[in-house]
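Architecture and fold: a report
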Amino acid sequence: MTRRQFMAAGAMASAAWAAGCSSHRGPWESLTERQAQTLAAICDQIVPADDYPSASQAGVVTYIDRQLARHYRRHRKAYALGLEQADSIGATRCGVRLAQASPPQQLQVVMAIEQQNAAFFDLVRKHTLEGYYGSPRHGGNRDAVSWRMLGVSQPPLLGRAQYDLSKGPRS
Amino acid sequence: MKALLRVAALCLAAAVVLGAAGVSGASLYYDSQHGAGCTSCHEMAAYVGGVHDSAHRSQNCLDCHDTSLATKLRHIAVHLGRTGPEAIRLRDVDVVSMTSACQKCHQQEYATWHAGPHSATYRQIFTDAKQNTQRRLMDDCLRCHGMHYDGSVRDLVQPLNATGPWRVVRAGFADQPTMPCLTCHWIHREGSLETKPAERISVAGSPVHDSLAFFDRRERMHFAAAELPLPQLFDGATPVKVCPDRRQAICYQCHAPRQPDTGSVAAAHHWGPQAGSGDDRTPLGVHEGLSCFSCHQGHNENARASCKTCHPKMSHCGIDVEKMDTSYSNPASRHNIHWVRCTDCHTHGVPRAGRAAIASGE
């Protein structure tokens, strides 16, 4: 390798690295922005907002996105195909992508997904409930909102037993 | 061979030059854009966004966070290798160094915290002979004494027995605080700008600052004080009046009551958790209904100047309240200041004048 070739290779590598680092991929680790919007629409039909936040407001999409990059990596293909199908059904029924449809239209589309791709719907429903009711440290259940909804006292109050080993086991 | 050496030397020189330029350039880049540079790593976006909604919004990331070369290289390796954790958080060594960063601006708060028991070090807590001979060292100790510690108690102190001698085995941790600033303060949190409370002491309860939060070791996250539970306590079968001051919900996380033990009178009668059980210090008797913060300062627990806030110097009995036979004046007193009652001293009944004064709220 000549000095000129080395410098050129180094410059190209640096440029590629810098471009990769400076590209704004959004907040998602696994999903694209479009996939995240579609997933949010499906999740919000499973846990809609009432007095408490909806699934997407409680961070369920963040939960699923993080798990698809880790423990649920095996489900990435199912999500990619399922979300594409959801948008396709949305376009056929409503003329727009699922995320852009009205809430009643979204409900119709999600019910159609449940009929046509039950495996994908069950997967999303399972992961939505995990994200909504699980520990906030995994990205969902933002601010422990579902625990407060259920009246679960978190973190629990746990005082110590005031025993004294030096006085025997029953002290 | 000579050409090969020349290429190797060239590579090395290029690496040094690029490294030096890269590190200093990166520091300038991240320091100059008020966090915008840091969010170009998409993993950090939510965290940088969080601090922009806090009282620390005017600070740059590098004002508080470590910028050493080793840290930057580690971040790059995690970013490129996509080996980051589900939720980004500070390592235990970073939390310890963060305390120094807090000190730079909050010098008075740091000084009062450092002077009090909440700044106890790992050595003071985990090698205390009185504690270790009476109770077992266990991971649950870390819930309140070392909630940011990344590991188990076995990695921290040895031996785990009741005979000792004990020593802190985690390098560099013996003289570090077990309860640093981030135990009760949540920096990257959403909320409004902090303002000074109108009054320091309030029985009704002051507004709860957004930054007040408890770091729960089990969930590895802060829980805002406003959302933490306040216990419903009992004195025997009688419900205890617990002050609604939400700030003290943080205190209750460690100074917590226990459910009645199986076989106890309280359990047999299905009474709720008893005031004074476990580590609870909820006031009963003459002080029932007061908040922790009615008497204690938050940062150092000091309550020495608190009596004058409510009491005239002389009690109804003509005795200086600070010199009465309570644990306030004498830690060995049988009359704990948290639970002292009129009848502790007036064993034959409270005199009529005293009852009238109490009834009229004097």
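All of these numbers come straight from a predicted model, not from anything done at the bench.

1. Section: the state of the cysteines
Here a disulfide denotes a covalent bond joining the sulfur atom of one cysteine to the sulfur atom of another. Residues and elements named next belong to chain B. Under the criterion given, the structure shown has one disulfide over all chains. The residue that forms a disulfide with Cys-144 is Cys-254, at a sulfur-sulfur distance of 2.2 Å. Residues Cys-144 and Cys-254 are joined by a disulfide whose S-S torsion is about -105 degrees; by sign, that bridge is left-handed. Of this pair, Cys-144 sits in the loop between α8 (129–134) and α9 (153–156) while Cys-254 is found in helix α10 (residues 248–254), placing the two residues 110 residues apart along the sequence. For Cys-144, a relative accessible area of 11% corresponds to the buried category. Here Cys-64 stays free of any disulfide, with the sulfur of Cys-102 as its closest cysteine sulfur at 6.7 Å. The exposure class of Cys-64 is partly exposed, given its relative accessible area of 31%. The structure places no disulfide on Cys-251, whose sulfur is separated from the nearest cysteine sulfur, that of Cys-292, by 4.0 Å.

2. Some words on helix α5 (residues 92–105) of chain B
Burial in α5 of chain B covers these residues: Asp-92, Asp-94, Val-95, Val-96, Met-98, Thr-99, Ala-101 and Cys-102 of chain B. In this fold, the buried residues of α5 of chain B make contact with α3 (61–64), α4 (69–81) and α6 (107–115) of chain B.

3. Details of helix α2 (residues 45–52) of chain B
For α2 of chain B, every residue scored as buried is listed here: Val-48, Gly-50 and Val-51 of chain B. Projected onto a plane normal to the axis of α2 of chain B, the buried residues spread over an arc of 155 degrees and lie on a single side.

4. Structural notes on the confidence of the model for chain B
Caution applies to low-pLDDT regions: their predicted coordinates should not be interpreted in detail. Across chain B, the average pLDDT comes to 85, with 87% of residues at 70 or higher. The element-level mean pLDDT for chain B is lowest in helix α15 (residues 352–359) of chain B, coming to 62, with helix α7 (residues 122–126) of chain B highest at 97.

5. Focus: the side chain of Thr-178 of chain B
Relative to the elements of secondary structure, Thr-178 of chain B occurs in the loop between β2 (167–168) and β3 (213–216). Dropping the residues within four chain positions of it, Thr-178 of chain B is found in contact with Ala-120, Thr-121, Tyr-122, Ile-125, Phe-126, His-145, Gly-146, Met-147 and Thr-183 of chain B.

6. Examining the packing of aromatic side chains
Residue and element names in this part refer to chain B. Under the criterion given, the structure shown has seven aromatic pairs over all chains. A ring pair is formed by Tyr-122 and Phe-126, whose centres lie 6.1 Å apart and whose planes are at 15 degrees; its orientation type is stacked. Highlighted residues: Tyr-122 and Phe-126, both in helix α7, separated by four residues, approximately one helical turn. Comparing Tyr-122 with Phe-126 shows no difference in burial state: the two are buried. Counting every residue linked through ring pairs, the aromatic cluster contains Tyr-122, Phe-126, Tyr-149 and Phe-173. The ring centre of Phe-173 lies 4.2 Å from the NZ or CZ of Arg-170, which sits over that ring. The ring of Tyr-328 carries the charged tip of Arg-304 above its face, separated from the ring centre by 4.1 Å.

What counts as what
- Residues numbered from 1 in each chain as written.
- Chains lettered and ligands numbered in written order.
- Predicted model: local features only at pLDDT ≥ 70, side-chain atom pairs only at ≥ 80, totals over all residues.
- Heavy atoms only, no water.
- Disulfide = S-S within 2.5 Å.
- Helix = DSSP H or I, 4+ residues; strand = E, 2+ residues; numbered from the N terminus.
- Buried < 20%, exposed > 50% of the residue type's maximum accessible area, 1.4 Å probe, protein only.
- Contact = heavy atoms within 4.5 Å.
- Arc of directions from axis to C-beta.
- pLDDT = per-residue confidence, 0-100.
- Phe/Tyr/Trp six-rings, centres within 6.5 Å; stacked < 30°, edge-to-face > 60°.
- Lys NZ or Arg CZ within 6 Å of the ring centre and 35° of its normal.

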